[in-house]
Amino acid sequence: MICSNYKALKSAGKASITKETEDSVDTYYLTQKQFNSQTGEALADIKVAISLTELESEKARQDIHMSSSKAESDELAQMITDFKAL
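Here the structure is a predicted model, which means the values were calculated and not measured.

1. Describing the sheet that holds strand β2 (residues 25-35)
Remark on secondary structure: sheet strands pair via backbone hydrogen bonds, oriented parallel or antiparallel. Taken together, three strands build an open sheet; the order of strands is β1-β2-β3 and the sheet is antiparallel. The open sheet has two edge strands, β1 (15-22) and β3 (42-50), and neither has a second partner. Ignoring strand direction, the axes of neighbouring strands in this sheet form an average angle of 35 degrees.

Dropping the structure here:
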């Protein structure tokens, strides 16, 4: 994912979705604050261009991955049950 801990960063005020308009064209960004780890000094924000299509595609991919993982987990659970039954 573009930002796997977006909720936590958003809650802490360290990440957001922003929009910039130039020549009547809207561009959306994932904007994250960054800091110098030694001094705590704020550095320039990181901005990554994103689109709704991109986010929806990534979510669909993750949903498929979750379904697949759940099915595999269920298969393993059955194998464990059968193993314990011996």
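2. A few points about the pattern of salt bridges
Tallying each qualifying case throughout the model produces five salt bridges. As a salt-bridge pair, Lys47 and Glu20 come within 2.4 Å of each other at their nearest N and O atoms. In this pair, Lys47 sits in strand β3 while Glu20 sits in strand β1, placing the two residues 27 residues apart along the sequence. Owing to a relative accessible area of 41%, Lys47 belongs among the partly exposed residues under this scheme. In this structure, Glu58 engages Arg61 in a salt bridge whose closest nitrogen and oxygen atoms are separated by 2.9 Å. In this pair, Glu58 and Arg61 both sit in helix α2 (residues 52-85), three residues apart, roughly one turn of the helix. A relative accessible area of 18% means that Glu58 is categorised as buried. For Arg61, a relative accessible area of 46% corresponds to the partly exposed category.

3. Looking at a nonpolar patch on the surface
Taken together, the side chains of Leu76, Met79 and Ile80 make up a nonpolar region of the molecular surface, amounting to roughly 300 Å² of accessible area. Judged by its relative accessible area of 46%, Ile80 is partly exposed.

4. Some words on the packing of aromatic side chains
Evaluated as defined, the whole model comprises zero aromatic pairs. Cation over ring: Lys47 sits above Tyr29, and NZ or CZ is 4.6 Å from the ring centre.

5. A word on the pairing of β3
Here seven bridges tie β2 to β3, and the two strands are oriented antiparallel to one another. Looking at the pairing, Thr31 lines up with Lys47 of β3.

6. A closer look at the pairing of β1
Alignment of β1 against β2, held across eight bridges, turns out to be antiparallel. By the bridge assignment, Ala15 is partnered in β2 with Gln32. With antiparallel pairing between neighbouring strands as the criterion, β1 and β2 make up a hairpin whose turn holds two residues, including Asp23 at a positive phi of roughly 55 degrees.

7. Observations concerning the confidence of the model for the chain
With 98% of its residues at a pLDDT of at least 70, the chain reaches an overall mean of 93. Taken element by element, the chain is modelled with least confidence in helix α1 (residues 6-11), mean pLDDT 92, and with most confidence in α2, mean pLDDT 96.

Procedures and definitions
Residues numbered from 1 in each chain as written. Predicted model: local features only at pLDDT ≥ 70, side-chain atom pairs only at ≥ 80, totals over all residues. Heavy atoms only, no water. Pairing = 2+ DSSP bridges. Helix = DSSP H or I, 4+ residues; strand = E, 2+ residues; numbered from the N terminus. Axes fitted to C-alpha atoms, helices over the stretch in contact; angles between N-to-C directions. Salt bridge = Lys/Arg side-chain N within 4 Å of Asp/Glu carboxyl O. Buried < 20%, exposed > 50% of the residue type's maximum accessible area, 1.4 Å probe, protein only. Patch = residues over 30% accessible without salt bridge, like charges linked within 9 Å, V, L, I, M, F, W, Y side chains within 5 Å. Areas by Shrake-Rupley, 256 points an atom, 1.4 Å probe, with all protein chains shown as cover. Phe/Tyr/Trp six-rings, centres within 6.5 Å; stacked < 30°, edge-to-face > 60°. Lys NZ or Arg CZ within 6 Å of the ring centre and 35° of its normal. pLDDT = per-residue confidence, 0-100.

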